[in-house]
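Below are the chains, spelled out letter by letter.
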Amino acid sequence: DSGVTQTPKHLITATGQRVTLRCSPRSGDLSVYWYQQSLDQGLQFLIQYYNGEERAKGNILERFSAQQFPDLHSELNLSSLELGDSALYFCASSPRTADTQYFGPGTRLTVL
Amino acid sequence: QKEVEQDPGPLSVPEGAIVSLNCTYSNSAFQYFMWYRQYSRKGPELLMYTYSSGNKEDGRFTAQVDKSSKYISLFIRDSQPSDSATYLCAMSPPHNDYKLSFGAGTTVTVRA
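1. Here's the deal with the nonpolar core
In a soluble, globular protein the nonpolar side chains are often hidden away together inside. All names here are of chain B. Formed by 23 residues in total, the largest nonpolar core has its most connected members in Trp-35, Ile-72, Leu-74, Tyr-87 and Met-91. Listing elements by their share of this core, those giving two or more residues are β3 (19-25), β4 (32-38), β5 (45-51), β7 (61-66), β8 (71-76), β9 (85-92) and β11 (106-111). Not counting chain neighbours up to four residues away, the residues in contact with Ile-72 comprise Leu-21, Asn-22, Cys-23, Tyr-25, Phe-33, Trp-35, Gln-64, Val-65, Cys-89 and Met-91.

Written as structure tokens, this is what we have:
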């Protein structure tokens, strides 16, 4: 158990809908990272937050947004969902911005 | 060309064999190198972390980095059925924006 928690474990929704994925980092970790893992694209970095502020952006679509709250938990919002958004979404955390990352168990999103 | 190349396998070996995994990369700025293990439907788990070139050993696992060739390896000695998983290499440059670039992952099966 990495200490990173993610909810929900599974989400099934329809195209066009909006969902929110939640992540609680390890105790004391200030950085949160979001990744998308699909069969054809592998593990792709989406976005990083450090102590409430956005620090780095990767291949994140404009339909996706994230935030990190004062208690350091983070949410990833996915809107106008498409079939191709079906994937595993992982959250990772680290103490600072240049540390090894510890991954949560992931949220499996299925868009029908 | 992808920034990090990793043969997806699959790789099947008998119990007790040495498993050899490798990745090549194109970004000469990478200095932090990691190997993660991912069991089916679980989050990636950090196995090894190395900085710059050289070898690092941890139990049955040995990680090697050859920056001149832009090539990293992971060796698993005395492999066990419990080592059956997907192994992902990951790397990043020494900046504050700590974005991991992942290989596609190699699926390994250790046969009892």
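2. Quick look at the pairing of strand β11 (residues 107-111) of chain A
Each regular strand carries side chains that alternate between the two faces of the sheet. Residue and element names in this part refer to chain A. Alternating residues of β11 divide into Thr-107, Leu-109 and Val-111, all buried, and Arg-108 and Thr-110, none buried. In this sheet, β11 lies alongside strand β2 (residues 10-13) in parallel orientation, the contact comprising four bridges. Its bridge partner lying in β11, Ile-12 is registered against Thr-110. With three bridges joining them, strand β9 (residues 87-94) and β11 adopt antiparallel strand pairing.

3. Section: the state of the cysteines
Residue and element names in this part refer to chain A. On inspection of all chains with the given rule, the structure shows two disulfides over all chains. Bridging Cys-23 to Cys-91, the disulfide has an S-S length of 1.8 Å. Between Cys-23 and Cys-91 the sulfur-sulfur dihedral comes to about -50°; the bridge is accordingly left-handed. Separated by 68 residues along the polypeptide, Cys-23 in strand β3 (residues 19-24) and Cys-91 in strand β9 bring together distant segments of the chain.

4. Some thoughts on unusual backbone geometry
Backbone torsion omega between Thr-7 of chain A and Pro-8 of chain A reads -10°, so that peptide bond is classified as cis. Geometrically, the link from Gly-9 of chain B to Pro-10 of chain B is a cis peptide bond, its omega value of 10° lying close to zero. Along the polypeptide, Pro-10 of chain B turns up in the loop between β1 (4-6) and β2 (11-14). One non-glycine residue, Leu-72 of chain A, lies in positive phi territory at about 80°. The topology assignment puts Leu-72 of chain A in the loop between β7 (64-68) and β8 (74-78). Even without glycine at this site, Arg-41 of chain B takes up a positive phi of about 65°. By the element assignment, Arg-41 of chain B lies in the loop between β4 and β5.

Rules used in this analysis
- Within any chain, residue numbers begin from 1 and follow the written order of that chain's sequence.
- The lettering of chains begins at A and the numbering of ligands begins at 1, in the order of writing.
- Confidence filtering applies because this is a predicted model: local features only for residues at pLDDT of at least 70, side-chain atom pairs given and counted only at 80 or more, and all residues used for totals across whole chains, interfaces and linings.
- In computing side-chain values, all of the structure's heavy atoms are included and hydrogens and water are not.
- Definition used in this section: a nonpolar core is a set of buried Ala, Val, Leu, Ile, Met, Phe, Trp, Tyr and Cys residues joined via side-chain atoms within 4.5 Å.
- Only protein chains enter the area calculation, which uses a 1.4 Å probe; residues under 20% of their type maximum are buried, those over 50% are exposed, and those in between are partly exposed.
- Only DSSP runs of H or I with at least four residues qualify as helices, and only runs of E with at least two residues qualify as strands; both kinds are numbered from the N terminus onward.
- Throughout, a residue-residue contact means that at least one pair of heavy atoms, one from each residue, lies within 4.5 Å.
- One bridge is not enough; two strands pair if DSSP finds at least two bridges between them.
- When the sulfur atoms of two cysteines come within 2.5 Å, that pair is taken as a disulfide.

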